[in-house]
Amino acid sequence: MAVKRVRAFPDKAPAFTLIELLVVIAIIAILASLLLPALGIAKQKGYRVSCMSNVRQIGLAVQMYANDNRDFVPMHPTGGNWVWDVRTDTANALINGDASATTPDAQKRRILYCPGSRASVKSDNKALWDRGGNAIIGYGWLGQRSGQTDRANGTATLAGGKRFVSKTTAVVTNTVSETELVMDATPSGGPAPSTGKNDFLHAPNTSMGMKEYSHSGHLQGKNPTGGNILFLDGHASWRRFRDLGPWYDTGDRGVFFWF
């Protein structure tokens, strides 16, 4: 008698239905929407930590320079109103602790530029570094320029009791530990800050060799999250955006630096 064979498997291999595929895609999209913001926050925290390392290295270089120069900070004349506009000698000192050192390459110059900046305020931008003896760095330098008071070129001013610093032993506010020396560059454009219409995304930067507008390297949406500050005693700390103030008025197209 013939034995009828029964197939153990159907003729067609099993497959997802259209509904099942759509459900899987929807789940992946939901997970991505939950994870991407967290990844973005982690990335920004990484930038902040790296930036803090830069600021601390600058502090060490300033202390080295001051030890060899009767406590004076690097002090050279400058031709710009913006606090990130310094003489190349000053920039060299902020990297090497020696103003006469050989001009550092782009790799060494990285400590003078915030790693979080998406604008072309970067160490390999030669147009920023070689400006006829001046350099545009990625941080604000509150060290006094030679012959400078709290006004730069008669127009730019410091407010809120802030002062330019000439020595690491100078007491400008209450103590040296409260006196700012270097700060994250956080420029705003647009109307005066008193109007409440501060544009942190589009600070003008003509003739600086930049394709993008200059802005903070620590942005969350349209506003900065805060900035790293180096103090005169050599310590550095993070200052939240709500604690920043528009203390430096460049006198140039409504641009203020916040710290």
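Residues numbered from 1 in each chain as written. Predicted model: local features only at pLDDT ≥ 70, side-chain atom pairs only at ≥ 80, totals over all residues. Heavy atoms only, no water.

A few points about empty space enclosed by the protein
Where empty space is left can be seen by rolling a probe of water-molecule size over the atoms. Put simply, the test is: In the cavity and pocket records, a cavity denotes points on a 1 Å grid over the protein atoms alone where a 1.4 Å probe fits but cannot get out, a pocket denotes an open set with protein on both sides within 12 Å along at least 5 of 7 lines, and lining residues are residues with an atom within 4 Å of a point. Grid points are joined across faces, edges and corners, and a volume is the space filled by probe spheres set on the points. Charged means Asp, Glu, Lys or Arg here, nonpolar means Ala, Val, Leu, Ile, Met, Phe, Trp, Tyr, Cys or Pro, and polar covers whatever is left, Gly included.
What the rule picks out here adds up to one cavity of 30 Å³ or more. When its volume is computed, the largest cavity comes out at roughly 90 Å³. Counted by class, the lining of the largest cavity contains six nonpolar, five polar and one charged residues.

Structural notes on the nonpolar core
One broad rule of soluble globular proteins: the nonpolar side chains tend to lie buried together. Test applied: Side-chain atoms within 4.5 Å link the members of a nonpolar core, which is a set of buried Ala, Val, Leu, Ile, Met, Phe, Trp, Tyr and Cys residues. Here the term buried applies to any residue with accessible area under 20% of the maximum for its type, exposed to any over 50%, and partly exposed to those in between, with areas from a 1.4 Å probe on protein chains only. Going along the chain from the N terminus, every DSSP run of H or I of four or more residues is numbered as a helix, and every run of E of two or more is numbered as a strand. Here a residue-residue contact requires only that any non-hydrogen atoms of the pair lie within 4.5 Å.
Within the largest apolar cluster, 44 residues are counted, with the highest numbers of intra-cluster contacts made by I58, L112, I137, W141 and F257. Residue assignment for this core shows that the elements contributing at least two residues are α1 (18-68), α2 (88-96), α4 (126-129), β2 (134-136), β3 (139-141), β5 (156-158), β6 (180-184) and β10 (226-231). Once residues lying within four places of it in the same chain are set aside, the contact partners of L112 are I58, A91, L94, I95, W129, I137, G138 and Y139.

Quick word on the layout of surface pockets
Within this model, the second largest pocket holds a volume of roughly 200 Å³. What lines the second largest pocket is S50, N54, R110, I111, Y113, C114, P115, V121, K122, S123 and D124.

Some remarks on unusual backbone geometry
Of note, R70 is a non-glycine position whose phi angle comes to about 50°, a positive value. Here R70 shows up in the loop between α1 and β1 (85-87). Using a relative accessible area of 68% as the deciding quantity, one classes R70 as exposed. Even without being a glycine, D71 presents a positive backbone phi close to 75°. On the secondary structure map, D71 appears in the loop between α1 and β1. On the accessibility criterion, D71 (29% relative accessible area) is partly exposed.

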